[in-house]
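# Coordinate inspection notes
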Amino acid sequence: MKKILFVFTIVSLAFVSCGETKKEEVKKEVEAPAKEVAKEAPAESADDMVALGEKLFTDKTCVSCHQLDAKIVGPSVKDIVKIYEENNASLVEFLKGNQEAIVDTDAGQVAIMQANLDGFVKDLKEEELQALAAYMKSNK
Ligand code: HEC
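None of the values given here were measured: they were computed from a predicted structure.

## Some thoughts on the nonpolar core
Phe57, Leu91, Leu95, Val121, Leu129, Leu132 and Met136 are the most contacted members of the largest nonpolar core, which totals 21 residues. Of all the secondary structure elements, the ones that give two or more residues to this core are α2 (46-59), α4 (77-86), α5 (91-95) and α7 (126-137). For Met136, the residues in contact, after removing those within four places along its chain, are Phe57, Val77, Ile80, Val81 and Leu91.

Shown next, in the form of structure tokens:
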């Protein structure tokens, strides 16, 4: 009788652990294709992002206040990128309104840029913000 119980325990243990590996295998199979899709999705190449950002920088009027090398209404793109790199800050987060100004903190100047953020930058897509940031960073 003891022997039978022992065998039964072994068999049921084997059955339980088998069931678990099966479950894990199924889980892996479900997860794997999702990863592949993400890999295959046509990621915008870095060059495409910079080109899109350059277009947006003009179309969205950023260029009327930001020149590459010289301060006009707002700081130059080069100055902005330099300060962002030094502070390890994110241009996209600033454009999303999640981060305070760090380049020119004069209240009047900040208000001018804030009007853009509230006015139309908030309507830009994540990808467009990424593109603007990529373009700005390509000009350091
Ligand atoms: C009407 C003028 C004007 C326009 C248009 C404008 N900016 Fe600005 N921007 C400013 C001024 C002024 C500042 C300085 C205040 C400040 O640093 O926040 C500034 C600052 C910035 C900064 C630095 C923020 C910081 O941390 O200090 C970034 C980045 C920026 N602008 C990006 C953009 C982008 C991208 C666009 C277009 C989508 C744009 N700006 C359009 C006037 C403008």
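Next, the rest of the story.
## Details of the coordination of the iron atom of the ligand
Binding of the iron atom of the ligand to the protein goes through His66 (NE2) and Met113 (SD), at separations of 2.0 to 2.1 Å. Here the iron atom of the ligand binds six donor atoms, and the angle range of 87 to 178° at the metal identifies the geometry as octahedral. Of the two residues, His66 is situated in the loop between α3 (62-65) and α4 and Met113 in helix α6 (residues 107-119); the sequence distance between them amounts to 47 residues. For His66, a relative accessible area of 11% gives the class buried.

## Some details on the site of the ligand
Lining the immediate environment of the ligand, one finds 23 residues, of which Cys62, Cys65, His66, Tyr84 and Met113 sit closest. Taking Ile102, its main chain carries an N or O atom lying 2.8 Å from an oxygen atom of the ligand. For the ligand, an oxygen atom lies 3.1 Å from a polar atom in the backbone of Asp104. Elements that contribute at least two residues to the shell around the ligand include exactly α3, α4, α5 and α6.

## Some thoughts on the layout of surface pockets
Taken as a whole, the largest pocket encloses approximately 590 Å³ of empty space. As for the largest pocket, its lining consists of 33 residues, and the residues nearest its centre are His66, Ile80, Phe94, Leu95 and Met113. Elements that contribute at least two residues to the lining of the largest pocket include exactly α3, α4, α5, α6 and α7. It is α6 that provides the largest number of residues to the lining of the largest pocket, a total of seven residues. Counted by class, the lining of the largest pocket contains 22 nonpolar, eight polar and three charged residues.

## Comments concerning the pattern of salt bridges
Tallied over the entire structure, the rule returns seven salt bridges. When the shortest N-O distance is used, the salt bridge between Lys78 and Asp69 registers 3.0 Å. Among the ionic pairs, Glu93 bridges to Lys96, the shortest N-O distance being 3.9 Å. Judged by its relative accessible area of 37%, Lys96 is partly exposed. In this structure, a network of salt bridges that share partners links the residues Glu93, Lys96 and Glu126.

## Some thoughts on a nonpolar patch on the surface
A cluster of nonpolar side chains, namely Ile72, Val73 and Ile112, defines an oily patch on the protein surface of about 220 Å² accessible area. Mapped onto the secondary structure, Val73 falls in the loop between α3 and α4.

Basis of the calculations
Residues numbered from 1 in each chain as written. Predicted model: local features only at pLDDT ≥ 70, side-chain atom pairs only at ≥ 80, totals over all residues. Heavy atoms only, no water. Core = buried A, V, L, I, M, F, W, Y, C linked by side-chain atoms within 4.5 Å. Buried < 20%, exposed > 50% of the residue type's maximum accessible area, 1.4 Å probe, protein only. Helix = DSSP H or I, 4+ residues; strand = E, 2+ residues; numbered from the N terminus. Contact = heavy atoms within 4.5 Å. Donors = N, O, S within 2.8 Å, 3.2 Å for Na, K, Ca; no water. Tetrahedral: all angles 85-135°; square planar, octahedral: opposite > 155°, others 65-115°. Near = heavy atom within 4 Å. Polar contact = N/O pair within 3.5 Å; in protein donor to acceptor, adjacent residues only side chain to side chain. 1 Å grid on protein atoms, 1.4 Å probe; cavity = no way out; pocket = protein on both sides within 12 Å on 5 of 7 lines; lining within 4 Å. Points joined across faces, edges and corners; volume = space filled by probe spheres on them. Nonpolar A, V, L, I, M, F, W, Y, C, P; charged D, E, K, R; others polar. Salt bridge = Lys/Arg side-chain N within 4 Å of Asp/Glu carboxyl O. Patch = residues over 30% accessible without salt bridge, like charges linked within 9 Å, V, L, I, M, F, W, Y side chains within 5 Å. Areas by Shrake-Rupley, 256 points an atom, 1.4 Å probe, with all protein chains shown as cover.

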